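Reading the structure
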Amino acid sequence: WAMRQVVGQAALSAPEFFWFTDADIAHAPDNLRNLVARAEEGHKVLVSLMARLSCRTAAEHFLIPAFVFFFDMLFPFGAANDPKSKLAAAAGGCMLARRSALEAAGGIDAIRHNIIDDCALARVLKAQGPIWLGLTNRAVSLRPYEHLADIRKMVTRSAYAQLGNSPFMLLGTLAGLFIVYIAPVLGALFAMYYVQLAAYLAWIIMAVMFQPILRFYRLSPLWGIALPLIGAFYAAFTLDSAIQHWSGKGGMWKGRAQAEKQA
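Residues numbered from 1 in each chain as written. Predicted model: local features only at pLDDT ≥ 70, side-chain atom pairs only at ≥ 80, totals over all residues. Heavy atoms only, no water.

**Focus: the packing of aromatic side chains**
- All told, the structure shown has 14 aromatic pairs when counted by the stated rule.
- Centroid distance Phe62 to Trp223: 6.3 Å. Interplanar angle 50 degrees. Geometry classified as tilted. In this pair, Phe62 is assigned in helix 3 (residues 58-74) and Trp223 in the loop between helix 11 (211-216) and helix 12 (227-246), connecting sequence segments 161 residues apart.
- A relative accessible area of 25% means that Trp223 is categorised as partly exposed.
- With 6.3 Å between their ring centres and 85 degrees between their planes, Phe71 and Phe77 make a pair best called edge-to-face.
- An aromatic cluster is defined as three or more aromatic residues linked by ring pairs; in this entry it consists of Phe62, Phe69, Phe70, Tyr181, Phe210, Trp223, Phe233, Tyr234 and Phe237. (Phe/Tyr/Trp six-rings, centres within 6.5 Å; stacked < 30°, edge-to-face > 60°. Helix = DSSP H or I, 4+ residues; strand = E, 2+ residues; numbered from the N terminus. Buried < 20%, exposed > 50% of the residue type's maximum accessible area, 1.4 Å probe, protein only.)

Given below as C-alpha cells:
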C-alpha cells in the first residue's frame, strides 16, 4: 500500500525510475548512481541488490549465510538475469524499477495479493524486459536477528507461500532436504564401506559449495560442516510455515495474517 501511494505521487513528475528500498537499509553514497548505470546498460527494467544481512550474533552466524545460500538455490542469480530464462527474482530491500515498464505491467496493483512481493514484481517486470539481481556489500541491512526465533519468523512468514501453499510441494521439499543434507550425515556416521565413503564425499561437497557465501560474510569455513544441521533447521521452519498457514496464521506481518489474501 505504501509503495502504491508513493508511486502514484511520484509518477506526476514522470521520473524514469522508481527506487524502492527498505528503511533499515544503509546504502553506499554512490549506490543509486551504480544502479542507474546498470539499468541503462541493456535497458534493464529492474535492477535489484540483495543487501548484506546482519551477521554478528551467534544465531546470525548459524542461519543467515544459509538464508542467502538457499535463496540462490531457489532463484539462481544467473538464471534470473538471463533474458531467455523464465525465472525471475528480486530482493525487496533495494530495487530500481523503470517507470514505463512498471506502468505497462499494471503498476504496483499487479502484485497486491503476493506475500513475496519482490519476486512477484520481478516476474511481472521480466515480462517487459531484462532484469538483474546481484549480491552486494554496497547495501547493508541494519536489522539485527539476535535470536533463532527472529530468523524463524522471517522464514516462516513466506516459506510455504514460496511453495505455492501446496502440500505436495511441501512433501517434496522436505524429502529433498532430507536426502541432500540429512542422509549423507546418517550415512557417514552409521553406514559402512562404499556407502559411508559416498556419504562423507557428499558431506564434503556440500561444505565446499557453502564456502563462497561464508567468505562473503567473513565467517570460518568450518561452518560448512554444520550445513546439514542448518538445513534441518530450515526444514523445520518450512514445516512450521505450512502449519501456520493451515491454522489461519500464515504470512504473519505486523500482527496480521496475510496468507488468506493470496490470489
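**Describing the pattern of salt bridges**
- Taken as a whole and judged by the stated rule, the model has 7 salt bridges.
- Arg138 is the salt-bridge partner of Asp30, the closest N and O atoms lying 2.0 Å from each other. Remark: Arg138 occurs in strand 5 (residues 131-141) and Asp30 occurs in the loop between strand 2 (25-27) and helix 2 (31-40); sequence separation between them is 108 residues.
- Residue Asp30 is classed as partly exposed on the basis of its relative accessible area of 25%.
- The partner of Arg152 in a salt bridge is Asp240, and the shortest N-O contact between them spans 2.8 Å. (Salt bridge = Lys/Arg side-chain N within 4 Å of Asp/Glu carboxyl O.)

**Observations regarding the packing of helix 3 against helix 12**
- Running from amino to carboxyl end, helix 3 crosses helix 12 at an angle of 75 degrees, the nearest separation of the two axes being 10 Å. For the element pair helix 3 / helix 12, the angle class is roughly perpendicular. Seen from helix 3, the contacting residues are Phe62, Leu63, Ala66, Phe67, Phe69 and Phe70; seen from helix 12, they are Leu227, Leu229, Ile230, Gly231, Phe233, Tyr234 and Phe237. (Axes fitted to C-alpha atoms, helices over the stretch in contact; angles between N-to-C directions. Parallel < 35°, antiparallel > 145°, perpendicular 65-115°, else oblique. Contact = heavy atoms within 4.5 Å.)

**Notes on the environment of Ser54**
- As for its placement among the helices and strands, Ser54 is situated in the loop between strand 3 (46-52) and helix 3.
- In this view, Ser54 contacts Glu60, Ile64, Ser141, Arg143 and Pro144; residues no more than four positions away in its chain are not counted.
- A polar side-chain atom of Ser54 sits 2.9 Å from a polar atom in the side chain of Glu60. (Polar contact = N/O pair within 3.5 Å; in protein donor to acceptor, adjacent residues only side chain to side chain.)

**As for the packing of helix 3 against helix 7 (residues 148-156)**
- Axis separation between helix 3 and helix 7 bottoms out at 9 Å; the angle between their running directions is 20 degrees. Classified by the angle between their axes, helix 3 and helix 7 sit roughly parallel to one another. For the pair helix 3 and helix 7, contact is made by Ala59, Glu60, Phe62, Leu63, Ile64 and Phe67 and by Leu148, Ile151, Met154 and Val155, respectively.

**Here's the deal with the side chain of Ser166**
- Summarising the element assignment, Ser166 is placed in the loop between helix 8 (159-162) and helix 9 (167-190).
- Overall, the relative accessible area of 17% leaves Ser166 in the buried class.
- Within the local environment of Ser166, its side chain forms a polar contact with the backbone nitrogen of Met169, the two atoms lying 3.2 Å apart.

**A word on unusual backbone geometry**
- Its identity as a non-glycine residue notwithstanding, Tyr193 has a phi of 55 degrees, on the positive side.
- The class for Tyr193 is exposed, based on a relative accessible area of 65%.
- A positive phi angle is found at Arg218, which is not glycine, with a value near 55 degrees.
- Of note, Arg218 is situated in the loop between helix 11 and helix 12.
- Under the relative-accessibility criterion, Arg218 is labelled exposed at 64%.

**A few points about the side chain of Lys126**
- One can find Lys126 in helix 6 (residues 117-126).
- At 6.5 Å, Asp82 is the nearest oppositely charged side chain to Lys126, a buried residue that forms no salt bridge.
- At a separation of 3.3 Å, a polar atom in the side chain of Lys126 contacts the main-chain carbonyl oxygen of Ala79.
- Polar side-chain contacts of Lys126 include one of 3.0 Å to the backbone oxygen of Asp82.
- When near neighbours in sequence (up to four residues on either side) are disregarded, Lys126 contacts Ala79, Ala80, Asp82, Pro83, Ser85, Lys86, Leu87, Ala88 and Ile131. (Lys, Arg positive; Asp, Glu negative; His and termini not counted.)

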